[in-house]
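# Remarks on the overall topology
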Amino acid sequence: MRSTGFRRTCTALVASALTLSAVSACGSDDDAAGGKTRITVNCMPPKSAKVDRSFFEADIKAFEKQNPDIDVVAHDAFPCQDPKTFDAKLAGGQMEDVFYTYFTDAGHVVDINQAADLTPYVKDLDSYDTIQQQLRDIYTVDGKVYGIPRTGYSMGLIYNKKLFEKAGLDPEKPPATWAELRAAAKRIAALGDGTVGYADYSAQNQGGWHFTAEMYSQGGNVVSEDGRKAAVDTPEGKAVLQNLKDMRWSDDSMGSKQLLVINDVQQLMGSGKLGMYLSAPDNIPILVKEKGGDYKDLALAPMPGGKGTLIGGDGYMFNKKATPEQIKAGLKWLDHMFLTPGDGFLGDYARAKKHDAPVGLPEPRLFTGAADARDQEIKKANANVPMRNYQPFLDGNQNLEMKIEPPHAQQIYSVLDGAVSAVLTKKDADVDQLLKDASGKIDSILARG
């Protein structure tokens, strides 16, 4: 699952486009008119996202001017990737030459033999060696490269500095452990007037998603390292559920309304009635532009627990039918559009600032070394949000293990939704039995492959 509303730097302009668009069209012939190499690409912003759409089209036009031998045909739809049609498009030969994927898709696309091997070509991708190794590894299977990361996010803790101050807490020292979070939530809830200390999702698979993030934060896993067995019926799993149960029923710091989803929690935070919740940095502009929040009040800390965090993101893979010329052209296009620090659709911070998009959020942070330094320098020069509010997140993330979502994530999240919702809605919920039941169901999911 992605962090809903995970906005790339420029795409934060259009609040309604929580996910960039996708496509329903097929791959192209190698040669376009005039002997050009034609490539089809997807995830172009929809027409309803007028500013993003204009940026995307302008960047393609600039690319074609620089590369007159390449013709780029972009397709749009909503969302970028529809899980209901994704496999069918691959199997039916209807996928674009260069197509959008979530991190969790990479292994599956390779397993069903629908991805081109990019290994012989990445040496010509100028930016490839500058991309974070842990993100490159997601698209590397058995030593072969099958995709190129475009963005990445990690989960953290968004908190309201104003409520922290009002509750007598230090807004410059956010909770570093779950015990500290529990104590802070209790003090914030004690402010009364409908104030909630900490909120969590517990429906529409989102509860299972956050359970996974909370497991990672305590050093646990949802499935075994080999991906064959459940790993939730553990001390870490019990700690996650027991903590939520205690905050809900013993502390009364999570409010009486439960079975919340992301929009509910964002609304609470934007209205100034919520102290803390887990999310990625992309939520912050949504809280301001859609929910009434203020950038100066919203800060970001690393995941409590100090051991790990859930990461996600997206990238592009290539149709297995793509020719060598199309692969080379597609890699050039990715470099131009998404992988040049401080430039292109995702990195032109001056352009984003001019159009009132938030510049200065701590993620996505794709690059390393000199490329990262340049990207951060340009971002800082154009920042229009309080970057100091996110420094704890940046500092703390350096010490956390970055872990992607489990296999069969949505099915597993559906199971874990039941466990999370139970402890938040039933005072007598049996944590041990819930974990035992969830473990058995997850084992069955994994056994089916």
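Owing to the predicted nature of the structure, the values given are computational and were not obtained by experimental measurement. (Residues numbered from 1 in each chain as written. Predicted model: local features only at pLDDT ≥ 70, side-chain atom pairs only at ≥ 80, totals over all residues. Heavy atoms only, no water.)

## Observations regarding the state of the cysteines
Short version of the rule: The disulfide definition used here is simple: a pair of cysteine sulfur atoms within 2.5 Å. Helix numbering and strand numbering both begin at the N terminus, where a helix is a DSSP run of H or I of at least 4 residues and a strand a DSSP run of E of at least 2.
Enumeration according to the criterion identifies 1 disulfide in this entry. Bridging C43 to C80, the disulfide has an S-S length of 2.0 Å. Because the sign of the S-S torsion sets the handedness, a value of about 60° for the bond joining C43 and C80 places this disulfide among the right-handed ones. Here C43, found in the loop between β1 (37–41) and α1 (50–66), pairs with C80, found in the loop between β2 (70–74) and α2 (83–91); they are 37 residues apart in sequence, far enough to count as distant.

## Observations regarding the confidence of the model for the chain
Atom-level detail of predicted coordinates should not be read off regions where pLDDT is low. In plain terms, the rule: On a scale of 0 to 100, pLDDT captures the predictor's confidence in every residue. The contact definition used throughout considers only heavy atoms, calling two residues in contact when any of these lie within 4.5 Å.
Predicted confidence across the chain gives a mean pLDDT of 92, with 93% of residues reaching 70 or more. With pLDDT under 50 throughout, residues 3–26 is counted as low confidence; its partners more than four residues away or in other chains account for 121 contacts.

## Quick look at the packing of α1 against helix α11 (residues 324–338)
A pair of packed helices is captured by two measures, namely the crossing angle of their axes and the spacing between those axes. What counts, and what does not: Fitted lines through C-alpha atoms give the axes, limited to the stretch in contact for helices. The angle between two N-to-C directions lies from 0 to 180 degrees. For classification purposes, angles smaller than 35 degrees are called roughly parallel, those larger than 145 roughly antiparallel, those between 65 and 115 roughly perpendicular, and all remaining angles oblique. It is the rotation of the near helix from the far one that decides the hand of a crossing: anticlockwise by less than a right angle makes it left-handed, clockwise makes it right-handed.
As a packed pair, α1 and α11 sit with axes 10 Å apart at the nearest point and diverge in direction by 130°. What the angle tells us is that α1 and α11 run oblique. Relative to α11, the crossing made by α1 is right-handed. Here F56, D59, I60, A62, F63 and Q66 of α1 come into contact with α11, specifically with A329, K332, W333, H336, M337 and F338.

## As for the pattern of salt bridges
Just so we agree on the cut-off: For salt bridges, the criterion is a side-chain nitrogen of Lys or Arg within 4 Å of an Asp or Glu carboxyl oxygen. The classification of residues rests on relative accessible area computed with a 1.4 Å probe and restricted to protein chains. Under 20% of the type maximum is buried, over 50% is exposed, and intermediate values are partly exposed.
Scanning the model with the defined rule gives 18 salt bridges in all. Between K289 and D356 there is a salt bridge; the shortest N-O distance is 3.7 Å. With K289 in helix α10 (residues 283–289) and D356 in the loop between α13 (349–354) and α14 (369–381), this pair connects stretches of sequence that are 67 residues apart. On the basis of relative accessibility, which here comes to 52%, the residue D356 falls in the exposed class.

## Focus: the packing of aromatic side chains
Think of a pair of aromatic rings as described by two things: how far the centres are apart, and how the planes are tilted against each other in angle. Applied cut-off: Each Phe, Tyr or Trp ring, with Trp reduced to its six-membered ring, pairs with another whose centre is within 6.5 Å; inter-plane angles below 30 degrees give stacked pairs, above 60 give edge-to-face pairs, and intermediate values give tilted ones. When the NZ atom of lysine or the CZ atom of arginine is within 6 Å of a ring's centre and also within 35 degrees of its normal, the charge is said to sit over that ring.
Under the definition given, this model contains 13 aromatic pairs. Arranged with centres 5.7 Å apart and planes meeting at 85°, the rings of Y316 and W333 form a pair that is edge-to-face. One end of the pair, Y316, is in strand β11 (residues 308–318); the other, W333, is in helix α11, and 17 residues separate them in sequence. Taken individually, Y316 and W333 each receive the classification buried, so the pair is uniform in this respect. A centroid spacing of 5.5 Å and a plane angle of 85° characterise the contact between W333 and F338, whose relative ring orientation is edge-to-face. In this structure, W333 and F338 share a single accessibility class: buried. Chaining the aromatic ring pairs together yields one cluster made of F56, Y100, Y102, Y316, W333, F338 and F345. We note R150 situated over the ring of F338; from NZ or CZ to the ring centre the distance is 4.9 Å.

## Here we look at the pairing of β11
Let me state the cut-off plainly: By definition, two strands form a pair when at least two bridges between them are found by DSSP.
Most of β11 sits out of view: 11 of its 11 residues are buried. Side chains G308, L310, G312, D314, Y316 and F318 of β11 all project onto a buried face; the interleaved residues T309, I311, G313, G315 and M317 project onto the opposite face, where all are buried too. Two elements, strand β3 (residues 98–102) and β11, share 5 bridges in a ladder whose sense is antiparallel. Pairing of V98 across the sheet is with F318, part of β11. In the sheet, strand β6 (residues 147–154) pairs with β11 via 7 bridges, with the strands oriented antiparallel. By the bridge assignment for β11, I148 is matched with Y316. Two strands pair when backbone bridges link them, and β11 and strand β12 (residues 401–403) are joined in this way by 3 bridges, in the parallel orientation. Bridged to T309 within β12 is M402.

## Quick notes on the sheet that holds strand β7 (residues 156–160)
Sheets are built from strands paired through backbone hydrogen bonds, the pairs being either parallel or antiparallel. Judged by pairing direction, the sheet is mixed, and its 4 strands sit side by side in the order β8-β9-β7-β10 without closing on themselves. Two strands bound the open sheet, and with one partner strand each, they are β8 (196–198) and β10 (298–302). Adjacent strand axes in the sheet meet at a mean angle of 25° when their direction is disregarded. As defined by bridge partners, β7 adjoins β10 across 5 bridges and the pair is classed as antiparallel. Paired with N160 across the bridge in β10 is L298. Here helix α6 (residues 178–189) sits on the sheet in contact with β7, β8 and β9 (274–279), set at roughly 175° to β8. Contacting β7, β9 and β10, helix α9 (residues 262–270) crosses the sheet at an angle of about 140° to β9.

## Re helix α8 (residues 235–250)
The α-helix winds at 3.6 residues per turn, so residues separated by three or four positions along the chain end up facing the same way. Among the residues of α8, G237, V240, L241, N243, L244, K245, D246, M247 and R248 are the ones counted as buried. Along its buried surface, α8 packs onto α6, β8, α7 (206–217), α16 (409–425) and α17 (431–448).

## Overview of the side chain of S253
Here S253 shows up in the loop between α8 and α9. For S253, the contacting residues outside a window of four places in its chain are A185, K186, A189, V196, G197, Y198 and M247.

## Some remarks on the environment of K320
Tracing the backbone through its elements, the reader meets K320 in the loop between β11 and α11. Between the alpha carbons of K320 and D226 there is a distance of 27 Å; along the sequence they are 94 residues apart. The residues touching K320, leaving out its near neighbours within four places in the chain, are N113, Q114, A115 and A116.

## So, the pairing of β10
Most of β10 sits out of view: 5 of its 5 residues are buried. Of the two faces of β10, the one carrying L298, L300 and P302 and the one carrying A299 and A301 are both buried.

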